[in-house]
Each structure stands twice: as C-alpha cells, then as structure tokens.
Amino acid sequence: GGSESDTAGNGDTSTEKRIKVAYVTNGIDPFWNIAEAGALAGAKEFNVDCEVLMPPNGLADQQRMIETLLANGIQGVAVSPIDAESQASFLKKVAGMTNMITQDSDAPGSDRLCFIGMNNYTAGRQAGELIKKALPDGGEIVIFVGRLEQLNAQQRRQGVIDELMDRPVATLETMQVEQNDTPIVGEKFTVLTTLTDGFDRPKAKANAENAMVTYENLDAMVGLFAYNIPSCIEAVKSANRLNDIKLISFDEADGTLQGITDGYVQGTISQQPFEYGRLSVKVMAALVRGEETGIPENKFIEVQSKVVEKENVEEFWTELKKLKGQG
Amino acid sequence: MKKILGIFILLVSICVITTIMNPNFLNPFNVHNTLRWIGLFGVIGIGVSFVIISSGIDLSIGSVIALTGALLVQLLTAYNFSVPMALFTCMGLSLVIGVVHGLLITKLKLKPFIVTLCGLLIYRSLARLATDDQSIGFGNEYEGLRVLALGSVPLPGGYSIPFPFIIFLVLSIIAMILLNKTLYGRYLLALGRNEEAVRFSGINADRIVLISYVICSLMGGLAGILFTLDLNSVQPASSGNFYELYAIAAAVLGGCSLRGGEGSIIGVMIGTAILRVLTNSITLLHIPDYLEFAIIGIVILIGVSTDEVVRKYVSSKKVKA
Amino acid sequence: MKKILGIFILLVSICVITTIMNPNFLNPFNVHNTLRWIGLFGVIGIGVSFVIISSGIDLSIGSVIALTGALLVQLLTAYNFSVPMALFTCMGLSLVIGVVHGLLITKLKLKPFIVTLCGLLIYRSLARLATDDQSIGFGNEYEGLRVLALGSVPLPGGYSIPFPFIIFLVLSIIAMILLNKTLYGRYLLALGRNEEAVRFSGINADRIVLISYVICSLMGGLAGILFTLDLNSVQPASSGNFYELYAIAAAVLGGCSLRGGEGSIIGVMIGTAILRVLTNSITLLHIPDYLEFAIIGIVILIGVSTDEVVRKYVSSKKVKA
Amino acid sequence: MSESSVLLRATGLTKQFPGTLALDNVSMELHQQEILAVMGENGAGKSTFMKILAGIYQADSGTIELEGQGITLNSIRNAQDHGIALIHQELNLADNLDVTANLFLGQEDHAWGWINQSSLYLKAIDLLKRLNIDIDPTTRVSDLSIGQQQLIEIAKAIAIDARILIMDEPTSSLTQHETEHLFTVINDLRERGMSIIYISHRLNEVVEIADRVVVLKDGQNAGDLPKDEINHDNMIRLMVGREMDDARHRSPLPPGEVILEINDLVTPAHPNHANSFKVCAGEVVGMAGLVGAGRTEVLESIFGVTPALSGSISIIDYDGPLHNANQAIDAGIGLVPEDRKLQGIILEMSIRDNLSLASMRDHQKNGFLNFPYEIENSAEQIKAMSIATPDDTKEVQLLSGGNQQKVVIGKWLATHPKLLLLDEPTRGIDVGAKGEIYTLIDKLAKQGVAILFVSSDMEEVLSLSDRVIVMHEGQITGKLTKSELSEEAVMRLATNATATV
Ligand SMILES: Nc1ncnc2c1ncn2[C@@H]1O[C@H](COP(=O)(O)OP(=O)(O)OP(=O)(O)O)[C@@H](O)[C@H]1O
Ligand SMILES: Nc1ncnc2c1ncn2[C@@H]1O[C@H](COP(=O)(O)OP(=O)(O)OP(=O)(O)O)[C@@H](O)[C@H]1O
Ligand SMILES: [Mg+2]
Ligand SMILES: [Mg+2]
C-alpha cells in the first residue's frame, strides 16, 4: 500500500499541474494488491498521480486516512467503504470536498459520483451455481469467511444460500441476511454453518479441519474471502479428501487457481480487482479534467464478475500474472 | 517536569518537520481532524494512566470500546431506549466492568494482566453476541447526539476545536486535579510505589485500586460512545482492536512508569498527541503506511530510552557536582 | 504439583465432556489436528514461559512469527536461498531480535512490556516491508520441507502423531532439563524471585535475562517457520496477531506466575493443550464461534482463580491441622 | 501517674501462621506512661504480637482490653482510632512522595477529599521541629538517607496522636547519635502521657530506656523484669535460657600476609574522596562511621557490584580484573550484604538452594547442576553454622532472621573465600544468634580468612575488631589499632572530617 505511481520521465510535457487522486481500500488483502496494480497502471495510462492507501486497522483508520488526503488537497478519492451504511454521512462530507467515487462496496446515500464494482449478491449466486454443478444431487455445505460483519461477506453468503435454496433473486435492498445459529435446510442442499476466523490463517485452516470432523457428510466448502479456500485446501489435503469434498472459492488467490488447474477446486468467482483499480483512476482523472466520464444514469459502473473454472483458468491466470507484472 | 519537556520538544519537532515538508499540516481541516483524534484516543490514555500509576495494567480497553459502542447502537436503534437512558446504561456497564476487574484483582489477588486479558477476550465475544456479529450504526439518525463527537467550536481563520478534544481537555483537567489535589490521587501515587505503606497507614488500598480500574473502564466506555458517534459504526469483531496498546504507549511515552507511582496527566496528553500527529504525518508525507507501526515503535523506544539515558546523565552530573 | 494436577483435571474434563457430546472428538483425524495445533502453539508457550519466569514479558512473539515466516518464503522463493541457509537466516534473525530485546531491557533498563510492545509494532512493519505487503506462500513447491510441519508418525488404529507435536515434545524435554537441571535454570528461577540477590551472589543476572529473551524469540522464529510451512502462506499484516497473548495465557494457565520465579514446563504443556482443545471443542459442539473468546477467557479466569482459592484453602487447612 | 493503672491488657493471644505457631497464649500488660521493652530472639513472635495490637493481623484467640474495656482490633484504622500506632520493623514509605505526604498519609486534612496542602506543610514543620528533626518537609523521601527515612517513620507514628506507640526495632538503622536523640523524644512523649512499647535487640538501649521488660520465647511468655532487675544477664537468661558464651572479646592473632590492598579507591557516591587501606589474613577489621558514611559503597566496590570510579583493588594471588561480583568470587571474596532479604537470600527458595547459589558455579558439570555437591554442601554449612532447621528443603523465608543471616554467611563460606566482607552482619539479630556469628567470625579469622566488617553497633565494633577504620562522608578519617580503640576515639573520627588521618 501507499505506493505512488512512478510517472517521472514518462514524457509528460504538459504544464498542467499533476492531478492527485487516491485509491483507498478497506484493509490489507491480496485482493487489494491486484487492485493496486490496476490503479497504478491506470495512473500511468491516464497520466495522474495515484496514491493507494490500505488502512490496517479498520474503519477508524480508513476515515483518518481519507481526512488526511483531503487536508492534502487530493482531487479525487475512490474508496471502498468498510461499513457503507454507517459511513454514508462521513462520505457525504468527503463528497462535498472532492471528487469521490465508491468502488468494490457502494455507499448509496453518500452523494458519491459513481460506484464501480460488482454485485456481491449476484456473485454469491454464481458461486451457488458452481456448487449445484458440482453436486447435482445436492449435499451439505459449510461456508468459511473472515468476518461476517462485513457487507460484502453478508451479500456473498446470502447469494450462495438463496441460490442453493432456489429462492428468487433478491436485490441488495430486499436481501434478507440470515442468522448463523442453525443449519439452513433446503430441498437438496443444507448450509450447515458459517465459520469465521477473524482473518487468522491458522484459525481458517482449523475451521476447515473441524468442519470435516463435525460434519461427517460434508460435501462442499465455500470460501467467501480470497484466502479461505487456500486454507481449506491445506486442511482437506491433509485429510486426503481432495477428491470427495468440493471446493468453491471467491477471488483469485494463487492457491485457488492452482487448485482449479489441478482439478480439486471447482471454480472461483473473480471480481477482476485490477479493473476496479484501473477504472477508478480512469473515472477520477476524467472527473478532475472535466472530460467525458462514461458514468451511466444509475451511477453504477459494473465490473462483471468472472467465473473461473478448469476450462478458462490457464488463460485467466496468465493474464492475471501479466497484470500484476509477474508475467 | 524535565521528562515532559523532552517529549514536548519531540512533539514540536514532529509538527515543525511535518509542516516544513507539507504545509497542509496546518490546514484548518487537518488541524481539526488531528485534534479530534487526539481527543478520542486521549480519553483512553487518561483512563489507563490511572491504572498504570496504581502499578496495574488494563488490556481490555479496546474490547470495552467495542462492547459499549455496540450496546449504544443496539439500545438506541433496536431497543428504543431514550438517549439519556442508553448513555447511562453504557456507562453503567463500563462501571460494572471496572468493578469486576477491581474485585478480581484486589479480592482474588489475580494479576491485572490476566484479569484484563480475559476481559479483552470476553467483552469482544459479548460485543459480537450483542450485534449478531454484524456491523451496526445509526444510519442517518441521531444526528443531534452525534454532535457530541462531530461538533466543534469555531475559531477565527477557519480553525475550529472539535468537541471530543474539548471533552478530553475537561477530563484531563479533572484527572489532574484528582491526581494532584485529592486524597484519592495522593493515595494512588503512594500505593503505586509502596502498597504496604498505604495499607499500614490504615488506608483501604483495595478501594483505591478498584477505583483506578473503574476510572479506566469508564473512560473506555466513554471512548466507546464517542468513537461510535464519530464513526457511526461499530465492527463488533474489530472496533477498538489494539487500542489499549496505543493508550498504554501514550501513557508510557508521557512518563507513566509501569512500575507504578509515577505519571503526569500533561505527559499523557503530550504522549497521545505525539502518536496521533505521527500517524497523521505519515500519511501527509506519503510515507508508505506499512512503515507506520515501525515509526511509532521507534519513536516510543526513543522517547522512553532518552528518558532513561537523561536520568542517568543527570544523576551522574549530580554526583560530580 | 498440586497446581498442575488442577489444570490436568480441567484438561481431562474438557476432553471427556467433548467426547461424550461428540464422539468425533476422538476421531484419528481430529486427534491428529489437535495435536498438531498444540505442537505449533506450544512452541511459543515454552518460549514465553522462560521470559515470564525471569519476571519479564514478551509481546512481540506474534510479529516475530510473521517476520520470520515472511522472510522464509521470500528467501526461498524470491532470493533462491538453499533450504538450510534460509532456515539458518530466519533463526539468526530471531536470535538477533532476542539479543536486542535483552540488551534494551538489561542495559538501558527499559521495561520488557515497552520494549516488546515496540517490537510488536516494528517487526510487523518489517514483515510487511519484506513482502511488499502481499500474502505470500510456497505454492506447490517445497513439499519436502513442508513435511517438517505436515508429516507424522503413524500409530495403530489410524492414529498418528504429527511432527510439530514431536518437535514440541522434544523442545519441552529440553526446556525441562534446562530449567531444572542446569545452572542456567537455577539462576533463572532465582532471578525471577529476587534479581538483586542473584547479582549479589556473583551471577551475571543481565546475561540470564538476555538469554531468556533469546530463547523466547528463537521459539517465536521457529514457530514462524512451522506455521508458514503448515499453512503455506504468510499474511504480513495479520499472521500471528495476538499469538503472544495466547502463549502468555497458556503459560499462566500452566502455573507460570507473572511475578516471576515460578513455572513448570509440564504446566505450560497442559495450558496450551487446554486452549487448543477448547477451540476444537467449540466448533465440534456447534457453539457459535463468536463465543470462542468468551469461553477461553472464562476458562483462563477459572483456571487461575481456582489456583488462588485452592492455595488459600490449603493454607487454611494446614493451620487447622 | 498511678503505677497500677493498666492501659492495655492482652490476654491469651494465640496466632497460627501456616506451619508456625507464632504466638501461643501470650499475655501482656501495658501501664499508663510506661516504656515497656519487649524482648526475644528472632522469631519469638514480637512483631506478630505488635501487628495484632496495630490491627494488621487478627489473633486466633485471646482478648484485648483498653482501659478495662474489651476491644476488637480488626483493622489498622480501627487500632488508630483507639490510639494505637505502630512503627514497623521495615521501612514503609512511599518514596515517590515528599516528607509531608508521608508524615500524614491516611491522616490528611481535607475537605470533601480535597487535600489542604498548606495546612499539612505547617503541621509538618511543626512536628519535625518538635522532634528536632532537621529535614525540609518538601523533600522527596527517595532523596533521604535510610536513617532519615527511619526518623520520618517515627515522626509519622507520632503524628497520629496515639496514646500507645509501638516501636519495632526503630534503631536498627540509626546511629548512636540519632538513637540518643530518639530516646530524648521517647522520654518526652512519655512525659506527655504516652505509653510506649519498645522492641530492640540492643541490650544497652533497653537498659537505658525501659521501665519494664517482657520477654517472649518461641511464641510464649518467658518472664518479666521490673526496672531494677533489667540487666544484660537477666535478659539473656530469659531470652536464651542459658548463659552466653561468645567470642565478643576475642584475642587476636598476629596478622598474616596482606590479603586485600586498596589504593585511592573512589566510589560513585563520593567521587571527591579517595581511600586506601589494607586487610591481612586472620585479621578482623571493623569499619565504623555514621549511617551514610559510605562504608557500604566501599564494600560493594571491592565486591564489584558497585564498580569504583577509579583506584586499585588488589587481592593476593589474583591478577584478573575485578569489575563484577563474578570476578570477585574468582578472586576469593565474599560479601554478606547489608539488606538480607533484598540482597542476601532468595526467600522463596530452599535453604539448600540458597546455600549453593554462589558456589555452584565451581562445582557444575558442563553447565549442569551438581546435586550431590549441593546436598553435601548444605549439610556441611548447616552444621558449621548451626542453622536451626529440621530440613534443608524448607523455604528460607520460614526461618528466623538470625538463621536467615546464617544462611547468607554459609552461602559465602561455601566458596571458601580469602576475604569475607560483612555489612552490618548482626543488624536485627537477637543476642543468641549474634553470639554465634561472633564466634564464627573468630573461627574464620583463626583459619586465616581476612575479615572486613561494617557495623553501626558501637559495642560490636569495639569488641570484635582487631583494627578499626573510621569513615566520614566518604572519606577515611582514621585507622585505630586495638590499643587506640575507644568509643570517644571512634565517635570523634566518625563525626569530624578534619581529624588526623
Ligand atoms: N505472615 C507470616 N506468615 C507465616 N509465618 C510468619 C508470618 N509472619 C511471621 N511468621 C513467623 O512467625 C514467627 C514469629 O515471627 P515474628 O516476626 O513475630 O518474630 P520477631 O520476634 O519479630 O522476630 P525478629 O526479632 O526477627 O523481628 C516466625 O517464625 C516467623 O517466621
Ligand atoms: N542506591 C543508592 N542510591 C542513591 N544513593 C545511595 C544509594 N545507596 C547509598 N546511597 C547514598 O550514598 C551514601 C553512602 O551510603 P552507604 O550505604 O555507602 O553508607 P554507609 O556508611 O554504608 O551507611 P550505612 O550505615 O547506612 O550502611 C549515603 O548518603 C546514601 O544515602
Ligand atoms: Mg520482628
Ligand atoms: Mg551501609
């Protein structure tokens, strides 16, 4: 985090004062490293300075960082609110002071100029479809996540559940978040429980191990955060059950992609974080310069989530490595 | 006094250097925000300094913040408590927490480290239980109440003093008076150094210790309320994580000795200010944020070790004189 | 001995109750995993108990775990170190960290709490710096090396003893010998009680203290390596967060007194086992995971306070006798 | 004053500690305006008794009457309300606060918890003046010497306005001069109606001040002595139960070769003074001086725990450096430190472990403990020192003060030192144990060990030493041979820096 684009000497001859924008994440995560690469690539492409900030200590830290950016005269901020609903009034203030857009997670009541992201609930339903594909006869499922207090986690989880229970597609507004105290039983599928780990890897792995012990008929594991399935893989591997437990993931951790390549992960839902970063910078640059921004009427620039399965994993991964500058 | 002078110079230096490198540091908006954060974190710094002076420690503050914050939101939004009742209940809960800590430490003779470590774990769980493990906030409501955290007193030149900073100042003055002018403060200082001396003077040492934990928890509860009003959001699993360590660091930087019996409120104020200004400077000066911790750690180390070194130097001077 | 008996009964009770409520607890896979976690966490428990016996504390263990873990992966994958060289470098770094802690504490007379709190902050930053703030792992490589953490010795009935548990056992035995049979252990126990008297007995107390921090950091470094090999991943910003608190809790539960001078390695082993079995039971028994912290906190409180209460009871019995 | 007026009467007090019956059916009367000395060996139960009277401990059984009224003393505050104040055996001051704060701790003038600071200062000035103590009431207690701190403790108890003042060994860290001053104060307090219980191991003091003596032995009453029967022999007989036979008046041997030679030694606390002296084999050299004269520092410099600023220390047959205690042991030096509990022993460890703490390094096996040596050593020292214990695995804290001191000495004897430094070796130790320690010092000297001891007990310095070095404010002001030795000569040198060297 915190890196600045190195744009010195890229042939910028205009006398225009360099535009300063910032990309603020909701924490530190491999996911954001990819987005950061996208933001920095965008900075180069659209000839601006972009600062990427990753608040390590949650919401208070995020607000402090944004305040400091504002004090520093930042011209555009793309933020992923940690608690969108509650932060709306704070973000409204920010929007009054600079060009503010939201990305990854939206804050509708905040006067943000636009939202760049995907619909996490839809992504959840896509994951649900992957499960259905892997378990045509139904089965028992455990969901793994870092913290349930986050909105994206709740939306993904609900998407998975609603898809498995064959409920009608809800919107983000009508979506009902189900409690996590009893198994949710549907016709074919049962969602046994959701286990949280507080972003602690050993806990994530132990959760997977314990789930296999507790639920003897466990058929599939769904990991809502990037690291969840890689942790599950370690646990399932040591139980020698890679062939019998289906694994469905979100995001594009290396372990997940390796698992898809090797055939023991059914698939993952990628949000294309690189695009989040690049598009955010693109929109902010255009906003500052007063150019055409391409913001639609509904203020929602959707980045399509991408379902990665065995068929397309190689292509996806090669592309990803290239984007991250490892290719 | 010398001790405070040293860290005061440190604070001024950080401010001056930051201003030179980025004049936006003195921008009214930035000053306002920095003062607000100083106020919010300062409240727990003051609280923990009482416990430290009693030669104890309180590791549970961060969890108390999460718990009272969660409770406040729940009481107001889910249980329709009136504002005064809700505030009263939250402070009441922190009071009970402080009393329980104090009783376990004085009556069962458990170590403060252990009691409050268990507190850290238990209150965190309770906060998650109280909220069903979901982030909660006031939404667009309770704007009036939130003025407590977000309001400010305007000054000329566009500057303004945020309410939390004023609350912090008022509490600091009360704390100073309590520590230096009252029986309680005197007994606390004496007890931090030599508990036997206090007991043998016929003073109820247990009560003094207990009150210090109550003060600390009450400050934690108040901070929980203020943080929640300011941020309009409580993350039950993560709000306040590690805040106790910041508070302890600020107190120690400000001259409180973990051996007990030593500490000044002005020092704690300066200590808190240093930590907050530092984090502000780090972002303002585009220092990669992963270095934030390292810089804070190094500044604390320098702060406390210069103090030791100066003390040695002074005492060797004395000998020569 | 009585102390250990108490927590041993506690451990057995937890196991029995869990087994009755869910026989899967004794399932070979579950036993294997639980033993593995006991091994991994036990290593730092042993380390920190030396520091606690010296009447110190080490809050930096979690960050040391992250730093050595990050370093191991980077050295192997990005810098093409050979396996022995990489392991050697990681352990070397933890040794240096321990020495620095020890020197700051003994020579500059800084409080262990502060020194290692700054360590907690600084090493966390360094871990993030070393990895460019990215999660890293071995991917599909170094399977051979990873056997160190993932391998096991098979037993009849499908059971098996994981290597980390064996490493833990071996280290425990070495620690027991060190503590009870060597000059170092004798001096450490004496020093934890009365440092001044140890100095006046012609013993280099500073060296004894320093070595205790070195042991603790080395154990932290080793744990960092083992955790990384086990998990195949390091999160520079979060790996190991709060682990020092678990380690300290295990040591205290196992009878180490934070006053120093007291502690048994068997106790620490049982203490660690209780904590790990508890977290295991919580999931096995379908207890909501947000209650995990509360249950751990309450068990620690019960553990240490029964100890106090029993001690009082025993001494009052003696009087009557 | 009516002789028969009993102010305080304790009847049948019993107090059981884990493993120790500290008081067993003890009774005592205290009359109006009486100075009652309570005597007894270490561990006889004196302090326990006094702590019961002060409300710190509660007796298991027995009654206490004040002016004929039965009272229960269940807290310190409660005892203070009844007019009973205790000056503890150990210092109990908060040295981070000033003199005034300590003098009135728990007794402050206040309005609603708000301290009336100025009135306290005035009272402090008044009190200190009345007691003739020349200390500024705004001084931080940590800046005072131990002797001054002891005076503050005494003043603090007097400030309570008690009717009964209990003093548990108040003079153990006072100089002769300060002690005499204290006696004037005590007599004055008695004149003003106070009754005093006075505990001391110094028989001379008791003879001088006491109206009556009560002797305890092993937690039981061992007898009373009225004013006219108070003398050394009677007291010792009641306390020890036999006649004393010690080496107090030893006959020195001619000194052997020089073991220790100090040249121009400068210690940190007194950087402007350099001192030189020698100690020979078989010699017992005493160091006299007022409290704070710098004697402890000299011993600690020789032993390496407080390194000297400059000067040379040479030890026979040793060429190595002498910068720390470890090297001092190599050189054959042992130090029995001033503060037994803080520096000498580890209270929670066993007698056996304590006895081998300094010598184990020479008997280790590649870093491992040598258990057979430890057992053997412990048996040997317990026998040589006649340490009274049934079992050497007992924790040292369960021993009486005298026996604890013997453990410290035994720990050093196990290293077979050439030079033994003893700092206040008999402070707070009862006559019986004192005698045994004197005998031991004599025996060691006869074996050729060089002995350098610091003592503030004039009687001890005069009788035990072959030679005396007197210090004043960090400077050696004189060296007296056996024939030059007299109380006047020592006092003149100890108080007057301009005396001939
Ligand atoms: N708190 C305690 N717990 C256990 N035993 C105790 C305690 N206090 C005193 N004792 C024991 O009770 C006995 C009497 O001790 P006390 O301190 O009253 O003796 P003393 O006559 O004052 O001796 P001294 O002359 O050494 O001061 C001793 O054996 C001592 O070890
Ligand atoms: N640890 C210390 N810190 C500061 N000052 C000290 C310390 N120890 C001793 N002093 C001071 O140094 C001076 C010399 O003290 P020292 O203990 O050497 O004297 P002494 O002649 O041995 O007296 P005593 O009879 O009390 O043992 C005194 O003024 C004392 O207050
Ligand atoms: Mg006594
Ligand atoms: Mg001395």
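Read on for an overview of the structure. (Residues numbered from 1 in each chain as written. Chains lettered and ligands numbered in written order. Predicted model: local features only at pLDDT ≥ 70, side-chain atom pairs only at ≥ 80, totals over all residues. Heavy atoms only, no water.)

What follows is about the pairing of strand 9 (residues 164–168) of chain D. All names here are of chain D. Taken across its 5 residues, strand 9 has 5 buried, putting it largely inside the fold. Going residue by residue along strand 9, you find I164, I166 and D168 tucked away on one face and L165 and M167 tucked away on the opposite face as well. Note: strand 6 (residues 84–87) against strand 9, 4 bridges, orientation parallel. For A85, the partnering residue across the bridge sits in strand 9 and is L165. Of the strand pairs in this sheet, strand 9 and strand 10 (residues 195–199) are connected by 5 bridges, and their pairing is parallel. Bridging across to strand 10, I166 finds its partner in I197. For the crossover from strand 9 across helix 6 (residues 176–191) to strand 10, the handedness is right-handed. (Buried < 20%, exposed > 50% of the residue type's maximum accessible area, 1.4 Å probe, protein only. Helix = DSSP H or I, 4+ residues; strand = E, 2+ residues; numbered from the N terminus. Pairing = 2+ DSSP bridges. Right-handed = clockwise from strand over helix to strand, strands pointing away.)

In this section: helix 9 (residues 273–289) of chain A. Residues and elements named next belong to chain A. When the terminal C-alpha atoms of helix 9 are compared, their 24 Å separation across 17 residues agrees well with the 24 Å that a helix rising 1.5 Å per residue should span. Burial runs high along helix 9: 12 of the 17 residues are buried. Within two residues after helix 9, G290 carries a phi angle of roughly 70°, on the positive side. (Expected span 1.5 Å × (residues − 1).)

Residue-level contacts link 20 residues of chain C with 33 residues of chain D. Area buried by chain C at its contact with chain D is led by L183(C), R186(C) and F200(C), which between them contribute 34% of it. The salt bridge involving R186(C) is made with D353(D); its shortest N-O contact spans 3.5 Å. Applying the counting criterion to the chain C and chain D interface returns 9 residue pairs in polar contact (both at pLDDT 80 or more). Within the residue set of the side of chain C that touches chain D, elements represented by two or more residues are helix 7 (163–181), helix 8 (183–193), helix 9 (195–199) and helix 13 (292–320) of chain C. A per-element tally of the side of chain C that touches chain D places helix 8 of chain C first, with 5 residues. Per-class residue counts for the side of chain C that touches chain D are 9 nonpolar, 6 polar and 5 charged. (Contact = heavy atoms within 4.5 Å. Buried area = accessible area lost by both parts, 1.4 Å probe. Salt bridge = Lys/Arg side-chain N within 4 Å of Asp/Glu carboxyl O. Polar contact = N/O pair within 3.5 Å; in protein donor to acceptor, adjacent residues only side chain to side chain. Nonpolar A, V, L, I, M, F, W, Y, C, P; charged D, E, K, R; others polar.)

Here the focus is the relation of the copies chain B and chain C. When chain B is fitted onto chain C, the two copies agree to an RMSD of 0.1 Å after a turn of 180° and an axial shift of 0.0 Å. Such a turn and shift between the copies fits a two-fold axis. The rotation axis passes nearest to the C-alpha of F242(B) in chain B, at a distance of 4.7 Å. Comparing interface residues between copies, 100% of those in chain B also sit at the interface in chain C, which points to an isologous, same-surface contact. (Least-squares fit on C-alpha atoms with pLDDT ≥ 70 in both.)

For the rest of this paragraph, the subject is the coordination of the magnesium ion (ligand 3). When four donors bind a metal tetrahedrally, each ideal donor-metal-donor angle is 109.5 degrees, and when six bind octahedrally, the ideal angles are 90 or 180 degrees. Residues and elements named next belong to chain D. The protein atoms donating to the magnesium ion (ligand 3) are S47 (OG) and Q89 (OE1), with metal-donor distances spanning 1.9 to 2.1 Å. Of this pair, S47 sits in helix 1 (residues 46–53) while Q89 sits in the loop between strand 6 and helix 3 (99–103), and the two are 42 residues apart along the sequence. The partly exposed category is assigned to Q89, whose relative accessible area is 29%. (Donors = N, O, S within 2.8 Å, 3.2 Å for Na, K, Ca; no water.)

All names here are of chain D. Mapped onto the fold, N370 is located in the loop between helix 12 (351–355) and helix 13 (371–385). Overall, N370 belongs to the buried group, its relative accessible area being 11%. Those residues within four positions of N370 in sequence are excluded, and the remaining contacts are M360, H363 and K365. From its side chain, N370 meets the backbone nitrogen of Y373 in a polar contact 3.0 Å long.

These values are about where atoms sit, not about what they do.
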